[in-house]
Amino acid sequence: MEWQFIKVSREDHLLIVTISRPDVMNSLHPPACRELDQIFNAFEEDPELWVAIITGEGEKAFCAGNDLKWQAEHGADALRREIEALKGGFGGITRRTTCFKPIIAAVNGLALGGGFEIALACDVIVSADHAYFGLPEPRVGAMAAAGGVVRLPRYVPHHIAMGMLLTGRRITADEAHRLGIVNEVVPLKELMACARKWAEDMLACSPVALRATKEAALRSLNLPLQEALTVAFPGMTTLRMSEDYMEGARAFAEKRKPRWTGR
């Protein structure tokens, strides 16, 4: 399928998604968000796609967030209606709570507002060393409503999160790494190789096991420990009944690499 604002490539079980609006710092308007939503809907449903990487085109920006020029032209109500109609919310991912396949953000530049929120919605974040992260929405009369005000206080200490949310200040990639927001920081020329290495390590695992792991990790977050330890999440049951569950044991016993099927 042809996309106007997004580039998509598929490499065996890996999907690479690139936001392609470099002329506006890869900011997203509803038409671009619709494309991303359709792409991630398909990723979620395709049994042969196991891991995704999302990045931005160029060297300046991963995603500068909401396209304010589009909002100024079409109005806030139109923007809200468009985004609320998407399964995954802004960027097709910030409200996507049903996808338990791993998603990696390769942050190639500025990740601001909705761009930072897209990264926060991913499972692993790798960043170019010149990147900046921030939620500047209050500076333009808005709030980080695509998950920023919810996720950031869960991921970093309270006062750090509130300091960022209530000032709109940016932090560097190194600061984000120290705070535990970013997994790895590398020079820009090494960014996609770094993201691919993370993807390769994930693809060496059973995709069924990865989905079960992500589901249990996310759905148990707000449960008391005693309850979380005893809950059988659906993915756990699927894993134990899967071909991969026995393939892993057989491969270990036979001293060979497992041949995952995802079933």
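Residues numbered from 1 in each chain as written. Predicted model: local features only at pLDDT ≥ 70, side-chain atom pairs only at ≥ 80, totals over all residues. Heavy atoms only, no water.

In the nomenclature of an unreviewed UniProt entry, the chain is known as Crotonobetainyl-CoA hydratase of Thermodesulforhabdus norvegica. Per UniProt, the chain carries the Sequence similarities (unreviewed entry) text "Belongs to the enoyl-CoA hydratase/isomerase family." (UniProt positions renumbered as here; feature names shortened; annotations may be inferred.)

### Some points on the environment of Gly163
Tracing the backbone shows Gly163 in helix H6 (residues 158-165). The exposure class assigned to Gly163 is partly exposed, which follows from its relative accessible area of 32%. In this structure, the C-alpha to C-alpha distance between Gly163 and Cys122, residues 41 residues apart in sequence, is 22 Å. (Helix = DSSP H or I, 4+ residues; strand = E, 2+ residues; numbered from the N terminus. Buried < 20%, exposed > 50% of the residue type's maximum accessible area, 1.4 Å probe, protein only.)

### As for the pairing of strand E2 (residues 14-19)
With six of its six residues buried, E2 lies for the most part within the structure. The pairing of strand E1 (residues 6-11) with E2 spans six bridges and is antiparallel. By the bridge assignment for E2, Ile6 is matched with Ile19. Bridge count between E2 and strand E3 (residues 51-56): six bridges; the pairing is parallel. Its bridge partner lying in E3, Ile19 is registered against Gly56. (Pairing = 2+ DSSP bridges.)

### What to know about the packing of aromatic side chains
Per the counting criterion, the structure on display carries two aromatic pairs. Ring centres of Phe40 and Phe43 lie 6.3 Å apart, and the angle between their planes is 90°; on these two criteria the pair is classed as edge-to-face. With Phe40 and Phe43 both in helix H1 (residues 30-45), this residue pair falls three residues apart, about one helical turn. For Phe40, a relative accessible area of 0% puts it in the buried group. The ring of Phe43 has Lys101 sitting right over it, with the charged end atom 5.1 Å from the ring centre. (Phe/Tyr/Trp six-rings, centres within 6.5 Å; stacked < 30°, edge-to-face > 60°. Lys NZ or Arg CZ within 6 Å of the ring centre and 35° of its normal.)

### Focus: the state of the cysteines
Linking two cysteines covalently through their sulfur atoms gives a disulfide. Tallied over the entire structure, the rule returns zero disulfides. Unpaired in this structure, Cys99 has its nearest cysteine sulfur neighbour in Cys122, at a distance of 10 Å. Looking at Cys194, it has no disulfide partner, and the nearest cysteine sulfur is the one in Cys122, 14 Å off. (Disulfide = S-S within 2.5 Å.)

### So, the pairing of strand E5 (residues 103-107)
Across the five residues of E5, five count as buried, placing the element largely inside the fold. Side chains Ile103, Ala105 and Val107 project from E5 onto one buried face, and the interleaved Ile104 and Ala106 project onto a second face that is buried too. Where E3 and E5 come together, four bridges link them in parallel fashion. Within E5, the residue paired with Ile53 across the bridge is Ile104.

### Focus on the nonpolar core
Counting 51 residues, the largest nonpolar core has Ile54, Phe133 and Ile181 as its most contacted members. A per-element tally of this core places H1 first, with six residues. Counting 17 residues, the second-largest nonpolar core is a separate cluster that includes Trp50, Leu191, Ala195 and Leu210. (Core = buried A, V, L, I, M, F, W, Y, C linked by side-chain atoms within 4.5 Å.)

### What to know about the domain arrangement of the chain
Segmentation of the chain into domains returns domain 1 (6-203) and domain 2 (206-254). A C-alpha centroid distance of 27 Å is found between domain 1 and domain 2. Between domain 1 and domain 2, the contact holds eight residues from the first and seven residues from the second. A combined buried area of about 840 Å² lies between domain 1 and domain 2, and 64% of that area is made up of carbon and sulfur atoms. On the surface where domain 1 and domain 2 come into contact, there are one salt bridge. Measuring nitrogen to oxygen at the nearest pair gives 2.8 Å for the salt bridge that ties Asp123 to Lys214. Seen at the junction of domain 1 and domain 2, the total is three residue pairs in polar contact (both at pLDDT 80 or more). (Domains from an automatic or database assignment. Contact = heavy atoms within 4.5 Å. Buried area = accessible area lost by both parts, 1.4 Å probe. Salt bridge = Lys/Arg side-chain N within 4 Å of Asp/Glu carboxyl O. Polar contact = N/O pair within 3.5 Å; in protein donor to acceptor, adjacent residues only side chain to side chain.)

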